Amino acid sequence: ATAAMLYVAVDRPADAGFLTVYPCGAAQPLASNLNFVAGQTVGNGVIAKIGDDGAVCVYSSAATDVVVDFTGAATAAGSTTFHALVSGRVLDTREGGVAPGAGDVVRLDFTSLAAGTSVDLNLAVVDPQHGGFVTAYPCGTERPLAASLNYRRRQTKGNHLTVAIGAEKAVCLYTMSATHLVVDVDGVHVPTA
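The structure contained in this document is the topic of the report that follows. (Residues numbered from 1 in each chain as written. Predicted model: local features only at pLDDT ≥ 70, side-chain atom pairs only at ≥ 80, totals over all residues. Heavy atoms only, no water.)

## Side note on the nonpolar core
Part 1 of the reasoning: Core analysis: the biggest nonpolar cluster contains 26 residues, and Phe110, Val119, Leu121, Leu123, Val171, Leu173 and Leu181 have the highest contact counts within it.
Part 2 of the reasoning: Taken together, the elements giving at least two residues each to this core come down to strand E1 (3-11), strand E8 (105-109), strand E9 (118-126), strand E10 (132-138), strand E11 (149-151), strand E12 (157-164), strand E13 (170-175) and strand E14 (180-191).
Part 3 of the reasoning: Of the residues forming this core, the biggest block, five residues, is contributed by E14.
Part 4 of the reasoning: Non-local contacts of Leu173, meaning those with residues more than four positions away in its chain, are made with Leu91, Asp104, Val105, Val106, Leu108, Leu123, Val134, Thr135, Ala136, Leu181 and Val183.
Part 5 of the reasoning: Formed by twelve residues, the second largest nonpolar core is a distinct cluster that contains Leu6, Val10, Leu34 and Val46. (Core = buried A, V, L, I, M, F, W, Y, C linked by side-chain atoms within 4.5 Å. Buried < 20%, exposed > 50% of the residue type's maximum accessible area, 1.4 Å probe, protein only. Helix = DSSP H or I, 4+ residues; strand = E, 2+ residues; numbered from the N terminus. Contact = heavy atoms within 4.5 Å.)

The structure is reproduced here in structure tokens:
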């Protein structure tokens, strides 16, 4: 792998600051992957180049708890090709009026993207009843102990992510607490012939 796809979050930072994710062994760049204020729990999707020693480093400008979830890897050039799509809505639970409940799993069918191995999504929560997280993962596999999006009560929040669609050609969304979900698809990754 040449790059790691991560979901990086901070919890209860002492002060305002930022995180920078970069290849270990390289100079820390003048860049930020996540900005935060004191006391905030917030996360972001990150794609980071992997260092020569096979690791990425995370720098924090302020004292905070940091959570890093591994969501995937980019392999050597030429193994897959990204095909951008005209962004399209694939789920909006507000239309039916019933939000998925705590512990529910919502299935998104991507059989129309038969050649794809993963999809790029924009995932948002709207009006969650309690703080929590959403985990996106390939249906038919065990749900990972990872978050794709963290949120607070009544917070409308989104995140961009890449998710494998697996053998079932579907993505499952687990919600920790009751919340409406909105999902748009932006592209698909297809193996290079």
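Now that the structure has been shown, the text picks up again.
## With respect to the state of the cysteines
Part 1 of the reasoning: Within this structure, the stated rule accounts for two disulfides.
Part 2 of the reasoning: Between the sulfur of Cys24 and that of Cys57 lies a disulfide, 2.0 Å long from S to S. What sets the handedness of the Cys24 and Cys57 disulfide is the S-S torsion sign, and at about 120° it is right-handed. Highlighted residues: Cys24 in the loop between strand E2 (17-23) and strand E3 (34-36) and Cys57 in strand E5 (residues 56-60), separated in sequence by 33 residues.
Part 3 of the reasoning: Here Cys57 falls in the partly exposed class, since its relative accessible area comes to 25%.
Part 4 of the reasoning: Between Cys139 and Cys172 runs a disulfide, and the two sulfur atoms are separated by 2.0 Å. Judged by the sign of its S-S torsion, about 115°, the cystine formed by Cys139 and Cys172 is right-handed. Of this pair, Cys139 sits in the loop between E10 and E11 while Cys172 sits in strand E13, and the two are 33 residues apart along the sequence. (Disulfide = S-S within 2.5 Å.)

## As for the sheet that holds E1
Part 1 of the reasoning: One open sheet holds the three strands; their spatial order is E4-E1-E6, and the pairing between them is antiparallel. At either margin of the open sheet sits one strand with a lone partner, and together these are strand E4 (42-49) and strand E6 (65-74). If you compare each strand with its neighbour and ignore which way they point, the axes differ by 25° on average.
Part 2 of the reasoning: Judged from the eight bridges that link them, E1 and E4 form a sheet pairing that is antiparallel. (Pairing = 2+ DSSP bridges. Axes fitted to C-alpha atoms, helices over the stretch in contact; angles between N-to-C directions.)

## Focus on the side chain of Ser177
Part 1 of the reasoning: With respect to the helices and strands, the residue Ser177 is situated in the loop between E13 and E14.
Part 2 of the reasoning: Residue classification places Ser177 among the buried positions, given a relative accessible area of 5%.
Part 3 of the reasoning: Side-chain polar atoms of Ser177 contact the backbone oxygen of His130, separated by 2.9 Å.
Part 4 of the reasoning: Not counting the four nearest positions on each side in its chain, Ser177 is found in contact with Pro100, Gly101, Ala102, His130, Gly131, Gly132 and Tyr151. (Polar contact = N/O pair within 3.5 Å; in protein donor to acceptor, adjacent residues only side chain to side chain.)

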